[in-house]
Amino acid sequence: KIKKTKKPTLSPLFIAAAASVALLIIGVLVFYKPQQPQNNQLAQQYTATDTIESITLSDGSEITMNSGTKLRANSREVWLDEGEAFFNVKPEQKAFVVHLRNELTVSVLGTSFTIQSYEELPYQAVSVLSGKVKVSASDNKSVELTVNQQAVYREAGKELSKLPTNSVQKAEWRAGKIVLENASVNELRLRIRQLYGKNIVFQNQPETMSINITLDKTTSINEIADEIAALYNFSYQITNDKIVFQS
């Protein structure tokens, strides 16, 4: 005799549980939307380490970065993390925006301008070569700039001010020339390091020093050191990686 086997039957409790799981999976697939990354997470990273570098964005805008500059960029939005850059912005209806530290922003439609934003200096500066630029701080204060005007944001007092400037001169670093007017020792150190790859050390440094000098990469470091020494009555010694000034 052939024995007939009984078909296995599923309990009502098991069927109900399986149905619940299926509905849960369908709900997740229907309603789940992956989180979109923020614009700055989609941005391309650019770094100019030891030389001046130039890039062209997808909208045709051009950016020249000084050595020691790091930024991220989309087609019409830039995050300048550190350094100095010259912007030649392609005119469009959509604003071109640059984000700086301390929630400072720069908005333009089509213009050319320079931004200086070094962490080792206590201020940030925006100088306009052509067109119009709006600079806004986190406290809703803003200034509008035109040709040969600059905005200076001093971080200690969170002070945003508008001043006259020579914007052509401010952008001459692209050709290896930097004009320092009433500059601090920290900025002199920064610029000598950029142009000549040497650190400056002052022994018995005066309490206050206001630096007025033109630095040109075509000028030898010995000539620059001679000029600084003559201005402030220093003697100096140059080694492979530094210049030591002594009073």
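All values derive from a computational prediction rather than experimental measurement.

(A) Quick look at the environment of lysine 134. Along the chain, lysine 134 falls in strand β10 (residues 133–136). The exposure class assigned to lysine 134 is partly exposed, which follows from its relative accessible area of 37%. Along the sequence, lysine 134 and valine 108 sit 26 residues apart, while their C-alpha atoms lie 6.5 Å from each other. For lysine 134, the contacting residues outside a window of four places in its chain are Thr105, Val106, Ser107, Ser142, Val143 and Glu144.

(B) Fine view of the pairing of strand β9 (residues 123–130). Burial of β9 is extensive: six of the eight residues sit out of reach of the surface. Hairpin remark: strand β8 (residues 112–117) followed by β9, antiparallel, with five residues in the connecting loop. The pairing of β9 with strand β12 (residues 149–154) spans five bridges and is antiparallel. By the bridge assignment for β12, valine 126 is matched with alanine 151.

(C) Up close: the pairing of strand β11 (residues 142–145). Of the two faces of β11, only the one carrying Val143 and Leu145 is buried; Ser142 and Glu144 on the other face are not. When β10 meets β11, the two strands line up antiparallel, connected through four bridges. The partner of lysine 134 across the bridge, within β11, is glutamate 144. Linking β10 to β11, which pair antiparallel, is a turn of five residues; within it asparagine 140 sits at a positive phi near 70°.

(D) Local environment of the nonpolar core. Residues Phe87, Val98, Val106, Phe113 and Val135 are the most contacted members of the largest nonpolar core, which totals 30 residues. At four residues, strand β5 (residues 77–88) tops the list of elements feeding residues into this core. Residues in contact with phenylalanine 113, not counting those within four places in the same chain, are Ala85, Phe86, Phe87, Val89, Val98, Val106, Val108, Val126, Ser127, Val128, Leu129 and Val133. By size, the runner-up hydrophobic cluster in this structure holds 25 residues, among which are Ile200, Ile224, Ala225 and Ile228.

(E) Structural view of the packing of aromatic side chains. Counted according to the given criterion, the structure contains seven aromatic pairs. With a centroid separation of 5.2 Å and an interplanar angle of 20°, the aromatic rings of phenylalanine 202 and phenylalanine 245 are classed as stacked. A residue pair is termed long-range when its members are at least 10 positions apart, and phenylalanine 202 in strand β15 (residues 199–203) and phenylalanine 245 in strand β18 (residues 242–246) qualify at 43 residues. The class of phenylalanine 202 is buried, set by a relative accessible area of 10%.

(F) Inspection of the confidence of the model for the protein at higher detail. Looking at the protein as a whole, its pLDDT mean stands at 86, while 83% of the residues score no less than 70. Throughout residues 1–8 the model reports pLDDT below 50, and contacts reaching past four residues in sequence, or to other chains, amount to zero contacts.

(G) Structural view of helix α4 (residues 185–196). Here α4 is 12 residues long and its end C-alpha atoms lie 16 Å apart, about the 16 Å a rise of 1.5 Å per residue gives. Taken across its 12 residues, α4 has nine buried, putting it largely inside the fold. What α4 keeps buried is the set Val185, Glu187, Leu188, Leu190, Arg191, Ile192, Gln194, Leu195 and Tyr196.

(H) Seen up close, the pattern of salt bridges. Counted under the stated rule, the structure contains seven salt bridges. For the salt bridge of arginine 76 with aspartate 59, the shortest nitrogen-to-oxygen distance reads 2.7 Å. Here arginine 76, found in the loop between β4 (69–73) and β5, pairs with aspartate 59, found in the loop between β2 (53–56) and β3 (62–65); they are 17 residues apart in sequence, far enough to count as distant. Of the two residues examined, arginine 76 and aspartate 59, each falls in the buried class. One network of salt bridges, with partners in common, ties together Asp59, Arg76 and Glu92.

What counts and what doesn't
Residues numbered from 1 in each chain as written. Predicted model: local features only at pLDDT ≥ 70, side-chain atom pairs only at ≥ 80, totals over all residues. Heavy atoms only, no water. Helix = DSSP H or I, 4+ residues; strand = E, 2+ residues; numbered from the N terminus. Buried < 20%, exposed > 50% of the residue type's maximum accessible area, 1.4 Å probe, protein only. Contact = heavy atoms within 4.5 Å. Pairing = 2+ DSSP bridges. Core = buried A, V, L, I, M, F, W, Y, C linked by side-chain atoms within 4.5 Å. Phe/Tyr/Trp six-rings, centres within 6.5 Å; stacked < 30°, edge-to-face > 60°. pLDDT = per-residue confidence, 0-100. Expected span 1.5 Å × (residues − 1). Salt bridge = Lys/Arg side-chain N within 4 Å of Asp/Glu carboxyl O.

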